[in-house]
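Residues per chain, in single letters:
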Amino acid sequence: MAPQTGNAVRKWEEVRAFALGLPEAVQEFPWGPEDCVVKVNKKIFVFLGNADGPNPPGLSVKLKDEALHGHAMTAPGAEPTGYGLGRAGWVSVPLGKGSPAAEVLCEWVEESYRSVALKRHVKDLDARAQG
């Protein structure tokens, strides 16, 4: 594994662990083992794909906040998510060379989570942040 791919996989694993740590988040593989998603309340808030392919892993998140969306779109290789999801604010970001730090990616995952989670989930998340 090339060092760059190793770094991308580490970021992917950190983001996945962060996503799964959010209130009531669950991991599923709706289209097979190579298509990891994380959901809350039966709604996907991050598409993770997998970290085992020949290309660096990536992720897709829903960013309604214009500033965050704009920032995400400046990442190397970032593009609106396919299948029409881009029109709803979804952005796909590869985790290859020059990709954002894991902390930034986790902020985007949290924003995506907040956009689909129930009010009680967001309240739980905010309570944790203050605790």
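By convention here, each chain's residues receive numbers from 1 onward along its written sequence. Reporting in this predicted model follows two pLDDT cut-offs: at least 70 for local features of residues, and 80 or more for side-chain atom pairs to be given and counted; totals over whole chains, interfaces and linings ignore these cut-offs and use all residues. Heavy atoms throughout the structure, all of them, feed into the side-chain values; hydrogens and water do not.

Novice: Which residues make up the packing of aromatic side chains, and what values do they have?
Specialist: Side-chain rings of Phe, Tyr and Trp (the six-membered ring for Trp) are treated as a pair once their centres are within 6.5 Å; stacked means planes under 30 degrees apart, edge-to-face means over 60, and tilted covers the remaining angles. With the rule as written, the count across this model stands at three aromatic pairs. Judged by centre distance (6.2 Å) and plane angle (15°), the rings of Trp 31 and Phe 47 are stacked. With a gap of 16 residues between them, Trp 31 in the loop between strand S1 (26-28) and strand S2 (36-40) and Phe 47 in strand S3 (residues 43-49) connect regions that are remote in the sequence. Ring plane angle 85° and centroid distance 5.0 Å describe the contact between Phe 45 and Tyr 113, whose orientation is recorded as edge-to-face. Taken together, the positions of Phe 45 in strand S3 and Tyr 113 in helix H3 (residues 102-116) put the pair 68 residues apart, joining distant regions of the chain. There is no split in this pair, since Phe 45 and Tyr 113 are both buried. Within the aromatic cluster, the residues linked to one another by ring pairs are Trp 31, Phe 47 and Trp 90. Going along the chain from the N terminus, every DSSP run of H or I of four or more residues is numbered as a helix, and every run of E of two or more is numbered as a strand. Burial here depends on accessible area, computed with a 1.4 Å probe over protein chains only, as a share of the maximum for the residue type. Under 20% is buried, over 50% is exposed, and the range in between is partly exposed.

Novice: Requested: an account of the layout of surface pockets, with residues and values cited.
Specialist: Unfilled space is identified by rolling a water-sized probe across the atoms. With a 1 Å grid spanning the protein atoms alone, the term cavity applies to any set of points in which a 1.4 Å probe fits but cannot get out, the term pocket to an open set with protein on both sides within 12 Å along at least five of seven lines, and the term lining residue to any residue with an atom within 4 Å of a point. Grid points are joined across faces, edges and corners, and a volume is the space filled by probe spheres set on the points. When its volume is computed, the largest pocket comes out at roughly 510 Å³. What lines the largest pocket is a set of 26 residues, among which Phe 47, Gly 49, Ser 60, Thr 81 and Ser 92 lie closest to the centre. Among the secondary structure elements, those contributing two or more residues to the lining of the largest pocket are S2, S3, strand S4 (58-62), strand S5 (79-80) and strand S6 (90-94). Classification used: nonpolar for Ala, Val, Leu, Ile, Met, Phe, Trp, Tyr, Cys and Pro, charged for Asp, Glu, Lys and Arg, polar for all others including Gly. Here the residues of the lining of the largest pocket sort into 14 nonpolar, ten polar and two charged.

Novice: I'd like a rundown of the sheet that holds S3, residues and numbers included.
Specialist: Strands are treated as partners if at least two bridges between them are detected by DSSP. Strand order in the open sheet formed by six strands is S1-S2-S3-S4-S6-S5, with antiparallel pairing between adjacent strands. Both outer strands of the open sheet, S1 and S5, are each paired with one neighbouring strand and no more.

Novice: Account for the side chain of Ser 92, naming residues and giving values.
Specialist: Examined against the element boundaries, Ser 92 turns out to sit in strand S6. For Ser 92, a relative accessible area of 16% gives the class buried. Contact definition: two residues touch when any of their heavy atoms are within 4.5 Å. Every residue in contact with Ser 92, bar those within four places of it in the chain, is listed here: Leu 59, Ser 60, Gly 77, Ala 78, Glu 79 and Thr 81.

Novice: Could you give an account of the packing of H3 against helix H4 (residues 119-130), naming the residues involved and the relevant values?
Specialist: As a rule, the C-alpha atoms of each element are fitted with a line to give its axis, helices using only the stretch in contact, and angles between N-to-C directions run from 0 to 180 degrees. Two elements in contact, H3 and H4, have axes whose closest approach is 8 Å; the angle formed by their N-to-C orientations is 145°. Here the hand of the crossing between H3 and H4 comes out left-handed. Contacts between H3 and H4 involve Glu 110, Tyr 113 and Arg 114 from the former and His 121, Val 122, Leu 125 and Asp 126 from the latter. When grouped by side-chain class, the residues that make up the contact of H3 with H4 number three nonpolar, one polar and three charged. Each crossing gets its handedness from the near helix: less than a right angle anticlockwise from the far helix is left-handed, clockwise is right-handed.

Novice: Kindly report on the side chain of Lys 62, identifying the contributing residues and their values.
Specialist: Checked against the element boundaries, Lys 62 lands in strand S4. One buried charged side chain, Lys 62, makes no salt bridge at all; its nearest oppositely charged neighbour is Glu 111, positioned 9.9 Å away. Residues contacting Lys 62, with those up to four places away along its chain left out, are Phe 45, Ala 88, Gly 89, Trp 90, Glu 111, Ser 112 and Ser 115. When charges are counted, Lys and Arg contribute as positive and Asp and Glu as negative, whereas His and the chain ends are disregarded. Basic side-chain nitrogens of Lys or Arg form a salt bridge, by our definition, when they fall within 4 Å of a carboxyl oxygen of Asp or Glu.

Novice: Requested: an account of the pairing of S2, with residues and values cited.
Specialist: Side-chain positions along a regular strand alternate between the two faces of the sheet. Of all five residues in S2, five are buried; the element is thus mostly enclosed. Of the two faces of S2, the one carrying Cys 36, Val 38 and Val 40 and the one carrying Val 37 and Lys 39 are both buried. Where S1 and S2 come together, three bridges link them in antiparallel fashion. Bridge assignment links Val 26 to a residue of S2, and that residue is Lys 39.

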